Amino acid sequence: FYLTKHSNLCETHVVFHMVTDTSEQDNNITSRHPVIIGMRNVLKTACLNDVTSLTIPLLLSHKMTEKMTVAWCMKRAELVFKCIKGFMMEMGGWGGTEIKTLQFLLPHDIDNDVFNKVTGMLSTIFR
């Protein structure tokens, strides 16, 4: 990943950009996938550099596609939620600043049923 610093974006000062050579819609993403490890590194870098608010694309995509079925969305959301929760629990040993605000971003055209299921999953995983 790389990051850019911004002074002209409202309420955004740093943007973490993750670049990958594999499709974010790959069904084989696990907790050891390079994209997930990259998210851990982003979280760690944010923590160590006084970034207190992060927004993460929950499905690792900004657009919905036909391959993104309800089951696919739920599996991907669960993976990302659980990995981020684990990374946040690790943060205590990293030193630096705690992440105070963590937002999960979903594609704007996501189905309402999927949105409601993901919302329920969030409150279950992050008790």
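About the criteria used
- Residues numbered from 1 in each chain as written.
- Predicted model: local features only at pLDDT ≥ 70, side-chain atom pairs only at ≥ 80, totals over all residues.
- Heavy atoms only, no water.
- Phe/Tyr/Trp six-rings, centres within 6.5 Å; stacked < 30°, edge-to-face > 60°.
- Helix = DSSP H or I, 4+ residues; strand = E, 2+ residues; numbered from the N terminus.
- Expected span 1.5 Å × (residues − 1).
- Contact = heavy atoms within 4.5 Å.
- Axes fitted to C-alpha atoms, helices over the stretch in contact; angles between N-to-C directions.
- Left-handed = near helix turned anticlockwise from the far one by under 90°.
- Nonpolar A, V, L, I, M, F, W, Y, C, P; charged D, E, K, R; others polar.
- Core = buried A, V, L, I, M, F, W, Y, C linked by side-chain atoms within 4.5 Å.
- Buried < 20%, exposed > 50% of the residue type's maximum accessible area, 1.4 Å probe, protein only.
- Salt bridge = Lys/Arg side-chain N within 4 Å of Asp/Glu carboxyl O.

Visitor: Provide a residue-level description of the packing of aromatic side chains, including the pertinent values.
Guide: Applying the stated criterion across every chain yields a total of four aromatic pairs. Where Phe1 meets Phe16, the ring centres are 5.9 Å apart and the plane angle is 55 degrees; that geometry is what we call tilted. One end of the pair, Phe1, is in the segment before strand S1 (2-9); the other, Phe16, is in strand S2 (residues 12-17), and 15 residues separate them in sequence. Ring centres 4.9 Å apart and planes at 85 degrees place the aromatic pair Phe81 and Phe104 in the edge-to-face group. Taken together, the positions of Phe81 in helix H2 (residues 70-90) and Phe104 in strand S4 (residues 101-105) put the pair 23 residues apart, joining distant regions of the chain. By the ring-pair criterion, three or more aromatic residues cluster together here, those being Phe81, Phe104 and Phe126.

Visitor: With reference to specific residues and values, describe H2.
Guide: In this model H2 runs 30 Å from its N-terminal to its C-terminal C-alpha over 21 residues, within 8% of the 30 Å that 1.5 Å per residue would give. In this structure, the buried residues of H2 make contact with helix H1 (34-48), strand S3 (53-57), S4 and helix H3 (112-125).

Visitor: Which residues make up the packing of H1 against H2, and what values do they have?
Guide: Orientation of H1 relative to H2, taken along the N-to-C sense of each, is 35 degrees, at an axis distance of 10 Å. As H1 packs across H2, the resulting crossing turns out to be right-handed. Between H1 and H2, the residues in contact are Ile36, Met39, Arg40 and Leu43 and Leu79, Val80, Cys83, Ile84, Phe87, Met88 and Glu90, respectively. In terms of residue class, the contact of H1 with H2 is built from nine nonpolar, no polar and two charged.

Visitor: With reference to specific residues and values, describe the nonpolar core.
Guide: Judged by nonpolar contacts, the single largest core of 35 residues is most densely connected at Ile36 and Val118. Taken together, the elements giving at least two residues each to this core come down to H1, S3, H2 and H3. Setting aside residues no more than four positions away along its own chain, Val118 makes contact with Leu58, Met74, Ala77, Phe81 and Leu106.

Visitor: Provide a residue-level description of the pattern of salt bridges, including the pertinent values.
Guide: Considering all chains together, one arrives at three salt bridges under this definition. Of the charged contacts in the structure, one is a salt bridge between Arg40 and Glu90, with a shortest N-O distance of 2.8 Å. One end of the pair, Arg40, is in helix H1; the other, Glu90, is in helix H2, with 50 residues separating them in the sequence. Judged by relative accessible area, which is 34%, Glu90 ranks as partly exposed. Residue Lys117 is joined to Asp113 by a salt bridge in which the shortest nitrogen-to-oxygen separation is 3.6 Å. Note that Lys117 and Asp113 are positioned in helix H3 at a spacing of four residues, about one turn of the helix.

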